[in-house]
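In case you want the letters, here they are:
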Amino acid sequence: MKTTRLGTTGLEISAVVLGMMSYGEPDKGSHEWSVGIDDARPFVRRAYEAGITTFDTANVYSAGSSEEITGTLLKELAPREDVVIATKVFNRMREGRNGAGLSRVSIMHEIDASLRRLGTDYVDLYQIHRFDPVTPIEETMEALHDVVKAGKARYIGASSMWAWQFARMQHTAELHGWTKFVAMQDQYNLLEREEEREMHPFCAATGVGVIPWSPLARGKVTRPWGESGTKREGTDEFGKTLYRQDEDANRAIVDAVAAVADARGVPMAQVALAWVAGRSAVTAPIVGATKEQHIDDAVAASDLELTDDEVAQLEAPYTPRTPSGF
């Protein structure tokens, strides 16, 4: 698999990132559909052998057990310097004061906890999982800067928020000479393209890499409209809040994906992923995998180039909608 640079940094990542949210103890946290380490092992190995060397998790995934599985399996596969590990901080991890959010207390506690679970001295990319409307931006950015200067993270990134919030955080860091974000992990797929309006132009103009989550819209663009999905679809409460706007347009988009895939003779997932990966602002999509075909499709999509006519066909049915998933 080809590699790419994250934004304008020197950090080299694989053209596809493996999302580790699928792997964790199902009886921990809120991801009942996650799979344990023994079931996760063949998928992570298959991904690594296919050239995927970048892995994204979060402290909150399966109450920390996703980080534990990530750290254990990557140690089995490769030297630490041969893989890129990304994790996140923000969501509640413990009861009581500073058990969530982006205060200095929370960030300093959670980076150490994540490193213990991952079994590593540093993460390559430490991301804030959401915007914290309570903690002063200066406090958050200085704490993240100190995490980098302490050698516990090589780079920092952010995830879904309004573009003006992201701009304020970047501006605050620049004013004080603190470390700035180099990556934006946002929701972006054929059914949710609102990031094209402000966030992606801002990232492109300022050298920030984009690593979208849910590039396959929770699987909705990988199968004919209305076809039943997976166990996750029934138990993923957060996922149930997504892709409910303008279902007529969504159906037309899915039909377009099916038409292009049929003409190409490839699975729908490859077409949908190739569209995301081909957008100019995108560095690499984050893909989950609980079947071998998921990894095979992701790898194949990284080499699939859509024509201008195919892109136009896929994009034509889209309608404006209210951003979701923040």
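Report follows, based on the coordinates. Here the structure is a predicted model, which is why all the values come from computation and not from measurement. (Residues numbered from 1 in each chain as written. Predicted model: local features only at pLDDT ≥ 70, side-chain atom pairs only at ≥ 80, totals over all residues. Heavy atoms only, no water.)

### Some points on the pairing of strand S6 (residues 123-128)
As a reminder, the rule being used: Only protein chains enter the calculation, and the probe is 1.4 Å; a residue is then buried if its accessible area is under 20% of its type maximum, exposed if over 50%, and partly exposed in between. Numbering of helices and strands runs from the N terminus; a helix is a DSSP stretch of H or I covering at least four residues, while a strand is a stretch of E covering at least two. Two strands pair if DSSP finds at least two bridges between them. When the strands point away from the viewer, a crossover counts as right-handed if the path from the first strand over the helix to the second runs clockwise.
The buried fraction of S6 is high, at 6 of 6 residues. Alignment of strand S5 (residues 84-89) against S6, held across 4 bridges, turns out to be parallel. Of the residues in S6, the one forming a bridge with Lys88 is Gln127. As for the winding sense of the linkage, the β-α-β connection from S5 through helix H3 (residues 104-118) to S6 is right-handed. Here S6 runs beside strand S7 (residues 153-159); their pairing, made up of 5 bridges, is parallel. What sits directly across from Leu125, in S7, is Tyr155. On the question of chirality, the crossover connecting S6 to the parallel S7 by way of helix H4 (residues 137-149) is right-handed.

### A word on the sheet that holds strand S10 (residues 286-287)
Spatially, S9-S8-S7-S6-S5-S4-S3-S10 is the arrangement adopted by the 8 strands of the open sheet, whose pairing is parallel. With partners counted over all chains shown, the strands left at the sheet margins are strand S9 (209-210) and S10, one partner each. As judged from the 2 bridges shared by strand S8 (residues 181-185) and S9, these two strands associate in the parallel manner. Bridge pairing in S9 links Ala183 to Gly209.

### What to know about the pattern of salt bridges
Once the charged atoms of two side chains with opposite charge are near each other, the side chains can pair. Inclusion rule: By convention in these notes, a salt bridge is any Lys or Arg side-chain nitrogen within 4 Å of a carboxyl oxygen on Asp or Glu.
As enumerated under the stated definition, the model contains 17 salt bridges in all. Glu194 serves as the salt-bridge partner of Arg197, at 2.5 Å between the closest nitrogen and oxygen. By relative accessible area, which is 8% here, Glu194 ends up buried. If you follow the salt bridges from partner to partner, you end up with Arg193, Glu196, Arg279 and Glu315 in one network.

### Brief notes about the layout of surface pockets
Any empty space left between atoms is shown by rolling a water-sized probe over those atoms. Put simply, the rule is: Here a cavity denotes a set of grid points, spaced 1 Å apart and computed over the protein atoms alone, in which a 1.4 Å probe fits but from which it cannot get out, and a pocket denotes an open set meeting protein on both sides within 12 Å along at least five of seven lines; residues with an atom within 4 Å of a point are reported as lining. Grid points are joined across faces, edges and corners, and a volume is the space filled by probe spheres set on the points. Residues are grouped as follows: nonpolar covers Ala, Val, Leu, Ile, Met, Phe, Trp, Tyr, Cys and Pro; charged covers Asp, Glu, Lys and Arg; every other residue, Gly included, is treated as polar.
Here the second largest pocket is characterised by a volume of approximately 380 Å³. Residue lining of the second largest pocket: 26 residues in total, with Lys2, Ala277, Gly278, Val282 and Thr283 positioned closest to the centre. Here the element with the most residues in the lining of the second largest pocket is strand S1 (residues 3-5); it accounts for 3 residues. Its residues placed into classes, the lining of the second largest pocket shows 13 nonpolar, 8 polar and 5 charged.

### Remarks on a nonpolar patch on the surface
Cut-off, in case you're wondering: Residues enter a patch when their relative accessible area is above 30% and they make no salt bridge; the linking distance is 9 Å between like charges and 5 Å between nonpolar side chains (Val, Leu, Ile, Met, Phe, Trp, Tyr). Surface accessibility in these figures is a Shrake-Rupley result with a 1.4 Å probe; residues are shielded only by whichever protein chains are displayed.
A contiguous nonpolar surface patch, about 340 Å² in accessible area, is contributed by Trp162, Trp164 and Phe326. Mapped onto the fold, Phe326 is located in the segment after helix H11 (308-315).

### A look at the side chain of Asp124
Put simply, the rule reads: Pairs of N or O atoms within 3.5 Å make up the polar contacts considered here, provided that, within protein, one atom can donate a hydrogen while the other can accept it, and that residues adjacent in sequence are counted only when both atoms are side-chain atoms. Any two residues whose heavy atoms approach within 4.5 Å are treated as being in contact.
Relative to the elements of secondary structure, Asp124 occurs in strand S6. One polar contact links Asp124 to Arg80, side chain to side chain, over a distance of 2.9 Å. The residues contacting Asp124, other than those within four sequence positions of it, are Arg80, Val83, Val84, Ile85, Arg154 and Tyr155.

### Topic: the packing of helix H5 (residues 163-176) against helix H6 (residues 199-206)
Two numbers describe a pair of packed helices, the interaxial angle and the distance between the axes. What counts here: In this analysis, axes come from line fits to C-alpha atoms, helices being fitted only over the stretch in contact, and the angle between any two N-to-C directions falls in the range 0 to 180 degrees. Orientation is classified from the angle alone, with under 35 degrees giving roughly parallel, over 145 giving roughly antiparallel, 65 to 115 giving roughly perpendicular, and any other angle giving oblique. In this scheme, a crossing is called left-handed if the near helix is turned counterclockwise away from the far one by less than a right angle; it is called right-handed if the turn is clockwise.
It is the contact of H5 with H6, at a shortest axis distance of 9 Å, that shows an interaxial angle of 25°. Regarding the angle of H5 to H6, the classification is roughly parallel. Along this stretch, H5 crosses H6, giving a crossing that reads as right-handed. Side by side, H5 and H6 meet where Ala163, Phe166, Ala167 and Gln170 of the first sit next to Met199, Phe202 and Cys203 of the second. For the contact of H5 with H6, the residue count by class is 6 nonpolar, 1 polar and no charged.

### Things to note about helix H8 (residues 247-264)
Heads up, the rule is: Expected helix span is computed as 1.5 Å times (number of residues minus one). The arc in question is formed by the directions pointing from the helix axis toward the C-beta atoms.
Over its 18 residues, H8 extends 25 Å from the first C-alpha to the last, a length consistent with the 26 Å expected when each residue adds 1.5 Å. Taken together, the buried positions of H8 are Ala249, Asn250, Ile253, Val254, Ala256, Val257, Val260 and Ala261. Buried residues of H8, viewed axially, fall in a sector of 155°; they line one side. Among the exposed residues of H8, those pointing more than 90 degrees away from its buried face are Asp248, Asp262 and Ala263. Looking at the buried side of H8, the elements it contacts are helix H9 (268-277) and H11.

### Some points on the pairing of S7
Taking burial as the measure, the 7 residues of S7 include 5 buried ones, the bulk of the element. Bridge count for S7 against S8 is 4 bridges, and the pairing is parallel. Looking at the pairing, Ile156 lines up with Phe181 of S8. Of the crossover connections in this fold, the one passing from S7 over H5 to the parallel S8 is right-handed.

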